[in-house]
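Fold and geometry: a report
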Amino acid sequence: MKINGHEILPGENKKIKIRVGKLPSGTHINIFANVYRAKKKGKTLLVLGGIHGDEINGVEIIRRSIEQEYYEDLESGTVIVIPLLNVYGFINFSREVPDGKDVNRSFPGVNTGSLASRVARKLTKFILPHVDMGIDFHTGGDSRYNYPQIRYSKGVDESKTLASIFNAPFMIEKPMIKKSLRKAANDRGIPIIVFEGGESKRLDDLSIEKGLAGIKNILYHFGMIKPEESDNHITTSIKINKTSWIRARDSGLFRALKKSGYQVEEKELIGMIKDVLGEESKNIHSSRKAYILGHNNAPVVNMGDALFNLGWQDK
Ligand SMILES: [Zn+2]
């Protein structure tokens, strides 16, 4: 296996640097990838974080998986681990790159394109050709918390299978988004599942725990690591194929009475919006029987803001 001029032989583990660009100050920007290869042939798995630079849970999940030596002594196959793709966003506490473009809407990317497109291109050119399957780690954005969940591509059986092996609390069927990594990889026959957990700019223990467990489940399933005795490999994920946001019908101070992870009944009281003078209070009810997959942690909301993301299984 050769990545950007670096040869990685079976049985070798190597850290690889891919130059993406440079800051106006002259500082070079690099993406780092750890590549772990077993002597025995097998699948190649991509473990990727930080396409969105402020979604730190994913970066932390992958960092811990390296620290805890998940890939150090693989039984078979190869794992390419990239904790942070969008270095620009990470150093600016931002989802995007400095020109405001979203790397995950810029795939497959162009070498001479905008910055986001150039970052996407590095992954498409140097990494994707080696990969059989991948996990892409994300969080909710702008104060919106996502209960740990795996999203897989509608109509792609391999991605559904991967999602079920990962075994997050929820597995959610989603259409593919144009110019996303998931779409670009799928066009090349590579199933990629997307983990969502917690919110941007914050660490969330539950999401980190579920993310780490999911990586292990995948590694074990494909014979890349030995199982641990305590492991339970029966899928317990709750399946979801329909989601919908409940939005604020008024502006004011928002309080969630039910949070993500709960199952709620139709018309159940799940939150309130109050005006600052203490005169008005509007109740928010669940529109249907569903699970709360995500909620807004913002204390101040405007009309139309997304408050609760409901999910259910439509037969
Ligand atoms: Zn994201």
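On a predicted model such as this, the values are computed, not experimentally measured, just so you know. (Residues numbered from 1 in each chain as written. Predicted model: local features only at pLDDT ≥ 70, side-chain atom pairs only at ≥ 80, totals over all residues.)

Turning next to the domain arrangement of the protein. According to the domain assignment, the protein contains domain 1 (2-238) and domain 2 (241-312). Taking the mean C-alpha position of each, domain 1 and domain 2 sit 31 Å from one another. At the level of elements, β8 (144-153) and β9 (170-174) are the ones that each hand at least two residues to the side of domain 1 that touches domain 2. Sort the elements by how many residues they give to the side of domain 1 that touches domain 2 and β8 lands first, with five residues. Looking at the side of domain 1 that touches domain 2 residue by residue, the class counts come to six nonpolar, four polar and three charged. (Domains from an automatic or database assignment. Helix = DSSP H or I, 4+ residues; strand = E, 2+ residues; numbered from the N terminus. Nonpolar A, V, L, I, M, F, W, Y, C, P; charged D, E, K, R; others polar.)

Before going further, it helps to spend a moment on the environment of Asn309. One can find Asn309 in strand β19 (residues 306-312). When the C-alpha atoms of Asn309 and Ser106 are compared, they prove to be 26 Å apart, with 203 residues separating the residues in sequence. Apart from the residues within four sequence positions on either side, Asn309 is in contact with Thr243, Trp245, Leu293 and Gly294. (Contact = placed C-beta atoms within 7 Å.)

All right, on to the sheet that holds strand β18 (residues 300-301) then. Read from one edge to the other, the open sheet built from four strands follows the order β16-β15-β13-β18, with strand pairing classed as antiparallel. Strands with a single pairing partner mark the edges of an open sheet, and in this sheet they are β16 (281-285) and β18. Pairing of strand β13 (residues 252-256) with β18 involves two bridges; the strand directions are antiparallel. Within β18, the position partnered with Gly252 by the bridge is Val301. (Pairing = 2+ DSSP bridges.)

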